[in-house]
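The lines below spell out each chain.
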Amino acid sequence: MRFQPLDLFATALPADKRASVYQSTKATHEKRTKLLFEQFADPNRLRQRAGEIKQHAIENLDAYLPAVEKKLQANGVQVHWASTAEVACETVLGIMRARKATKMVKAKTMVSEEIELADFLGRHGIEALETDLGEFIVQIDHDHPSHIVRPIIHKNRREIAQSFEREGLGAYDDDPQVITTRARHFLRQKYLQADVGLTGANFISAESGRMVLVTNEGNSRFCLAATKCHIALIGIEKIVPRDSDLALLINLLGRSGTAQDLTVYTEFISGPKSSEQPDGPEEMHVIFVDNGRTEVLASDCREILRCIRCGACLNVCPVYRQASGHAYRSVYPGPVGAVLSPILMGSRFAEKADLPKASSLCGACHEVCPVNIPIPDLLLRLRHRAKEEGVAAPGTPPMGAWALLASQPMAWRAALFGGKAMDYLPRSLLPIPALHAWEEKRTLPAWRGGEFRKWLKKRPGVKPR
Amino acid sequence: MATCLCDAFYDDVAVATVEVLEHLGLEVGFSEAQTCCGQPAFNGGDWDASRKVVRHTVRTFAGEDPVIVPSGSCAAMLFHGAPLEFEKERDRDEVGQLGRRTWELADFIVNGLGVKTWPGRYEATVAFHCSCHSRGTMSGEAALALLTSIAGTRILPFGEGEQCCGFGGTFSVAFPHVSAAMGELKLEHIRAVSPDVLVSADMSCLMHLGGLAAKEGKPVRTLHVAQVLRDALNYKGASSG
């Protein structure tokens with residue numbers, strides 16, 4: 001029996017990594033739930049409402065995108081459209097070159113991970129430095145984030161202290177306070193040297209062109225303090241219709257993602273610095289990134305575009321907790337990643353078609369999602385798509401014979417009564433891989449096929465239909 | 001609907017379901033033609049195969065009578081899963097009609113019939129595993145309400161009750177290591193409260209958890225909600241009622 005790659009990855013994961021991912025996600029999930037249910041009479045109604053707002057927004061992008069472009073331009077922002085990762089990277093490079101800029105400080109943005117911007121800029125001689133502490137550590141380790149909100153959930157402080165020592169940031173010391181202080185000292189000078197600050201956006205309002213950035217470290221503010229040019233990379237699904245929608249979404253984002261009422265910093269940015277403002281970028285660019293999103297919009301999984309990248313579904317997911325983020329081989333791990341990553345592969349869907357199967361369909365992700373995405377339904381649709389496209393799926397038993405049996409009552413009854421033979425046959429000789437996979441970890445109850453039907457025959461009260 | 005799992009392995013759960021429904025004064029019908037709800041293929045992505053089985057189920061359970069299932073998972077397949085895979089099918093209305101009159105057993109007793117307390121007596125400490133298919137439905141609360149109301153039964157809450165047991169149908173054989181690890185975590189929480197019996201509304205969860213525990217050589221006693229209800233009624237000296 002061939003096992004799925006995610007299952008093998010989880011098996012090989014060191015116990016201490018699994019324990020730290022589990023402890024950390026569990027603690028955040030529990031705090032999130034406590035907070036929401038203590039503070040709101042009906043948090044589920046809020047999730048539904050937020051889902052409706054985002055669903056409306058993504059279904060009306062054709063109206064909202066031109067509207068936000070107009071607003072942004074009126075606010076003095078230069079707007080760019082990037083259909084693919086390549087175009088997005090080239091656009092950033094073009095802006096850097098036009099300014100003869102060689103140094104960029106970056107706030108945490110998942111879309112920049114998605115388009116692999118830092119590596120691209122590095123290859124073109126531009127230093128693109130991550131300033132979020134977790135992302136900075138990922139960068140110096142040439143690693144990848146393993147969680148949407150907590151990129152280094154898979155690392156412990158000893159590993160981080162070793163990395164800092166290797167990078168010349170001080171002798172080995174795994175005190176978190178020391179690590180943080182060293183990163184701060186190193187990054188401060190970088191903020192001052194950089195020409196351009198790059199951020200993502202958590203939301204952007206079509207009504208005003210106002211974008212929202214939330215962080216806990218304040219690094220995005222530093223990215224925009226000394227630099228003269230601000231580039232914001234924004235996925236086209238980040239749009240919300242009105243400024244007033246932000247109230248609900250920001251309330252849900254902090255609580256769902258990090259179990260905070262509000263993240264430490266919440267920035268609202270409408271454009272470059274005005275003449276009355278003493279500091280800040282004089283030039284601002286917004287690059288709207290598609291990179292497969294319109295394909296998602298056209299699919300029967302479009303609800304996934306509501307996602308506000310809070311990571312609550314990762315935190316609650318029992319599979320993520322066992323396997324950790326890198327098991328998903330994608331920028332977006334966990335339940336949301338299991339939906340989004342295969343679709344974003346476009347014509348190479350098959351390469352990640354195993355991810356939607358990496359779920360017991362327990363529905364915990366749907367239950368916590370702040371925008372109420374029916375993730376299990378979407379996983380099922382993608383499983384169906386994989387079957388339709390003939391993607392080979394290791395470990396999934398073929399269903400044709402079963403369907404034949406289960407739609408012919410005579411054959412079904414014969415199998416029920418005949419199945420007893422299984423108890424007498426040597427299991428190892430049975431050519432049923434699924435049975436072996438089951439019995440490696442669990443026992444199977446004794447076969448009682450047909451016993452209920454025999455009982456019924458002697459039961460006068462039960463009417464045959 | 002007996003469910004294929006009870007048909008093959010857990011006949012006593014089906015028996016208990018009949019006895020519980022008859023206790024409530026209902027006339028129980030059983031179609032010999034019934035097979036499976038179609039969920040295995042639906043979850044596996046083979047919707048053509050699944051729809052074939054669902055169509056058979058729709059024919060078998062034609063009519064207006066409520067369909068009672070001693071499984072949150074099979075019930076959810078009929079009222080949620082099947083409509084999803086029939087969205088673009090011409091016979092989606094027939095499928096929807098069956099879904100709307102399909103009930104998980106405890107949900108039916110509490111929310112369908114309005115019976116909120118259970119007579120008789122059942123002396124045990126119970127760990128109740130709320131199966132995942134009852135998320136977003138009234139089933140979990142209904143089963144818990146009935147169990148709590150039984151004289152002599154004490155419910156023992158345990159850690160991370162909202163987490164999945166790890167079964168997930170074909171998931172358990174396609175991802176056996178992750179699946180078993182999830183189950184072991186669940187067992188750890190359950191064992192920490194030392195219940196006399198582990199109870200659930202889904203035999204699939206119990207087959208997985210019970211099978212894991214037995215394989216470890218530390219078996220756990222498992223019962224379906226219907227069996228506890230039936231056993232409470234059969235308590236000697238209990239007034240029927």
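Every chain begins its residue count from 1, and numbering advances along the sequence as written. Chains and ligands are labelled by the order in which they are written, letters from A for the one and numbers from 1 for the other. Per-residue local features of the predicted model are confined to residues with pLDDT of at least 70, and side-chain atom pairs are confined, for both listing and counting, to 80 or more; whole-chain, interface and lining totals are unaffected and use all residues. By convention in this description, side-chain values take in all heavy atoms of the structure and omit both hydrogens and water.

A word on the interface of chain B and chain A
Step number 1: Each side of the interface is counted separately: chain B has 73 residues, and chain A has 76 residues.
Step number 2: Using a 1.4 Å probe, buried area is obtained as the accessible area two parts lose upon being combined, added over both of them. When the two sides are added together, the surface that chain B and chain A hide from each other amounts to roughly 6,600 Å², 61% of it contributed by carbon and sulfur.
Step number 3: Considering only the surface of chain B that becomes buried against chain A, Glu32, Phe175 and His177 of chain B emerge as the three largest contributors, covering 10% of it.
Step number 4: When a carboxyl oxygen of Asp or Glu is within 4 Å of a side-chain nitrogen of Lys or Arg, the pair counts as a salt bridge. On inspection of chain B and its partner chain A, the count reaches 11 salt bridges.
Step number 5: Linking Glu32 of chain B and Arg453 of chain A is a salt bridge whose minimum nitrogen-to-oxygen distance equals 3.4 Å.
Step number 6: Polar contact criterion, stated in full: a pair of N or O atoms within 3.5 Å, where within protein one must be able to donate a hydrogen and the other to accept it, and residues adjacent in sequence count only if both atoms are side-chain atoms. At the junction of chain B with chain A, the criterion picks out 28 residue pairs in polar contact (both at pLDDT 80 or more). Note on contacts: a residue pair is in contact if any heavy atoms of the two residues lie within 4.5 Å.

Regarding the layout of surface pockets
Residues and elements named next belong to chain A.
Step number 1: We place a 1 Å grid over just the protein atoms. Points where a 1.4 Å probe fits but has no way out form a cavity, open points with protein on both sides within 12 Å along at least 5 of 7 lines form a pocket, and any residue with an atom within 4 Å of a point lines it. Grid points are joined across faces, edges and corners, and a volume is the space filled by probe spheres set on the points. Counted as a void, the second largest pocket has a volume near 1,300 Å³.
Step number 2: As for the second largest pocket, its lining consists of 47 residues, and the residues nearest its centre are Glu113, Glu116, Leu117, Asp119 and His144.
Step number 3: Numbering of helices and strands starts at the N terminus; helices are DSSP runs of H or I of at least 4 residues and strands are runs of E of at least 2. Sorting the residues of the lining of the second largest pocket by element identifies helix 5 (85–98), helix 6 (110–114), helix 7 (117–123), strand 3 (127–130), helix 8 (133–140), helix 10 (176–193) and helix 16 (334–344) as the ones contributing at least two each.
Step number 4: Gly counts as polar in this scheme, as do all residues outside two lists: the nonpolar Ala, Val, Leu, Ile, Met, Phe, Trp, Tyr, Cys and Pro, and the charged Asp, Glu, Lys and Arg. Among the residues making up the lining of the second largest pocket, the classes are represented as 20 nonpolar, 10 polar and 17 charged.
Step number 5: When residues are assigned to domains, the lining of the second largest pocket turns out to be shared by domain 1 (5–11 + 295–388) and domain 2 (40–291), each giving three or more. Residue ranges for the domains originate in an automatic or database domain assignment.

Some thoughts on the pattern of salt bridges
If the charged atoms of two oppositely charged side chains come close together, the side chains can form a pair.
Step number 1: Applying the stated criterion to the full structure yields 44 salt bridges over all chains.
Step number 2: Among the ionic pairs, Glu38 of chain A bridges to Lys34 of chain A, the shortest N-O distance being 3.3 Å. Of this pair, Glu38 of chain A and Lys34 of chain A both sit in helix 2 (residues 15–39), 4 residues apart, which is roughly one turn of that helix. For the pair formed by Glu38 of chain A and Lys34 of chain A, the shared burial category is exposed.
Step number 3: Note that Glu237 of chain A is salt-bridged to Arg309 of chain A, the shortest N-O span being 3.2 Å. Within this pair, whereas Glu237 of chain A is found in the loop between strand 7 (229–235) and strand 8 (239–240), its partner Arg309 of chain A is found in the loop between helix 13 (293–298) and helix 14 (312–316), the two being separated by 72 residues in sequence.
Step number 4: Residue burial is assigned from relative accessible area. The probe radius is 1.4 Å, only protein chains are included, and a residue is buried under 20% of its type maximum, exposed over 50%, and partly exposed in between. Looking at Glu237 of chain A, the relative accessible area reads 1%, which means it is buried.
Step number 5: For Arg309 of chain A, a relative accessible area of 12% translates into the label buried.
Step number 6: Each member of the salt-bridge network shares a partner with another, and the members are Arg459 of chain A together with Asp12, Glu19, Glu22, Arg230 and Asp231 of chain B.

Interpretation note: all reported values are geometric properties and have no functional meaning in isolation.
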